[in-house]
Amino acid sequence: MSTQGLDEFAGWVEGLMRQRGYDIDSPRGGGKSRIADEAGVHRAAVTRLLQRQSMPDLETMRRIAPLLGVSVRDMLIRSGRVTPEELPMAADLLPPSDWQPSMEDFARWLGVPDERMGVFVKVVNQFLEPDTDAGAPGETAEPRRTARD
């Protein structure tokens, strides 16, 4: 990572810390210690970032992000470790809302081998077809008669 990238990232994090009320500017403000304690990370990791000495590791970013009100994804992208294309949003991975998966799609997701695909689809479709012997919904069958009746 370049010095400029570290400087930009650290500046962004500083701004978030200030917005969240962490006093990171005065020597006795306690903001660095407070954020380290609340995040469960070493104070040195926070200090090294704010002094532009090193980029925090993934675990430190993962713990600090929620305190700063940002996602880990945003932290990773802002840090330059990944691009938005390398870490797409979950919604970007979903199929169109009008798409209906086929029985073959389900079989592939479940790992059904190609040579058994036809059997899988046939069996599952039998369970999905309406039962013609059951009658209409809400109807009750005649009670069984016993020898005592």
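Please refer to the structure higher up on the page.
Keep in mind that this is a model prediction, so the values were computed, not measured. (Residues numbered from 1 in each chain as written. Predicted model: local features only at pLDDT ≥ 70, side-chain atom pairs only at ≥ 80, totals over all residues. Heavy atoms only, no water.)

Q: Would you mind going over the overall build of the chain with me for this structure?
A: Helices and strands together make up the secondary structure of the chain, namely 8 helices and 0 strands. Along the chain, from the amino end to the carboxyl end, the secondary structure elements read α-α-α-α-α-α-α-α. Here the chain holds 149 residues, and 27% of them are scored as buried. Counting only contacts in the chain whose residues sit at least 6 apart along the sequence, the fraction spanning at least 24 positions is 42%. Looking at the chain as shown, the accessible area adds up to about 11100 Å², and 52% of this sits on carbon and sulfur atoms. (Helix = DSSP H or I, 4+ residues; strand = E, 2+ residues; numbered from the N terminus. Buried < 20%, exposed > 50% of the residue type's maximum accessible area, 1.4 Å probe, protein only. Contact = heavy atoms within 4.5 Å. Areas by Shrake-Rupley, 256 points an atom, 1.4 Å probe, with all protein chains shown as cover.)

Q: Just to check I follow, could you spell out the nonpolar core for this structure?
A: Considering soluble globular proteins, one finds that nonpolar side chains tend to be buried as a cluster. Counting 24 residues, the largest nonpolar core has Phe9, Val13, Met17, Val46, Ile64, Leu68 and Met75 as the members making the most contacts within it. Per-element tally for this core: the top contributor is helix α1 (residues 3-19), with 7 residues. Ignoring anything within four residues of it in the chain, the contact list for Met17 reads Tyr22, Ile24, Ile35, Val46, Leu50 and Leu68. In terms of nonpolar packing, the next biggest core, distinct from the first, is built from 6 residues, Met103, Ala107, Phe120 and Val121 among them. (Core = buried A, V, L, I, M, F, W, Y, C linked by side-chain atoms within 4.5 Å.)

Q: How do you make sense of the pattern of salt bridges when you look at a structure like this?
A: Tallied over the entire structure, the rule returns 8 salt bridges. As a salt-bridge pair, Glu14 and Arg52 come within 2.6 Å of each other at their nearest N and O atoms. Linking Glu14 in helix α1 with Arg52 in the loop between α3 (43-50) and α4 (58-68), this pair joins segments that are 38 residues apart in sequence. Judged by relative accessible area, which is 14%, Glu14 ranks as buried. A salt bridge links Asp105 to Arg108; its shortest N-O distance comes to 2.9 Å. With a gap of 3 residues between them, Asp105 and Arg108 both fall in helix α7 (residues 103-110), about one helical turn apart. Given a relative accessible area of 15%, Asp105 falls into the buried group. What emerges from the salt-bridge pattern is a single network uniting Asp7, Glu14, Arg18, Asp25 and Arg52. (Salt bridge = Lys/Arg side-chain N within 4 Å of Asp/Glu carboxyl O.)

Q: Please clarify how the environment of Arg48 should be interpreted in this entry.
A: Within the secondary structure, Arg48 is located in helix α3. According to the relative accessible area criterion, Arg48 is partly exposed, its value standing at 36%. When the C-alpha atoms of Arg48 and Ala10 are compared, they prove to be 9.6 Å apart, with 38 residues separating the residues in sequence. Discounting residues that sit within four places of it in the chain, Arg48 has contacts with Gln53 and Ser54.

Q: What's the story with the side chain of Thr60 in this structure? I'm lost.
A: Relative to the elements of secondary structure, Thr60 occurs in helix α4. Taking the relative accessible area as the measure of exposure, Thr60 reaches 8% and is therefore buried. A polar contact is formed between the side chain of Thr60 and the side chain of Asp57, at a distance of 2.7 Å. With residues near it in sequence (within four places) discarded, Thr60 still touches Val41 and Ala45. (Polar contact = N/O pair within 3.5 Å; in protein donor to acceptor, adjacent residues only side chain to side chain.)

Q: I would appreciate a short explanation of the packing of aromatic side chains in the present structure.
A: How two aromatic rings sit relative to each other is set out by the distance from centre to centre and by the angle between their planes. One pass over the full model with this rule turns up 2 aromatic pairs. Their ring planes at 40 degrees and their centres at 5.9 Å tell us that Phe9 and Trp12 sit as a pair that is tilted. Residue Phe9 and its partner Trp12 are both found in helix α1; the two are separated by 3 residues, about one turn of the helix. Take Phe9: its relative accessible area is 1%, and that puts it in the buried class. The exposure class of Trp12 is buried, given its relative accessible area of 16%. (Phe/Tyr/Trp six-rings, centres within 6.5 Å; stacked < 30°, edge-to-face > 60°.)

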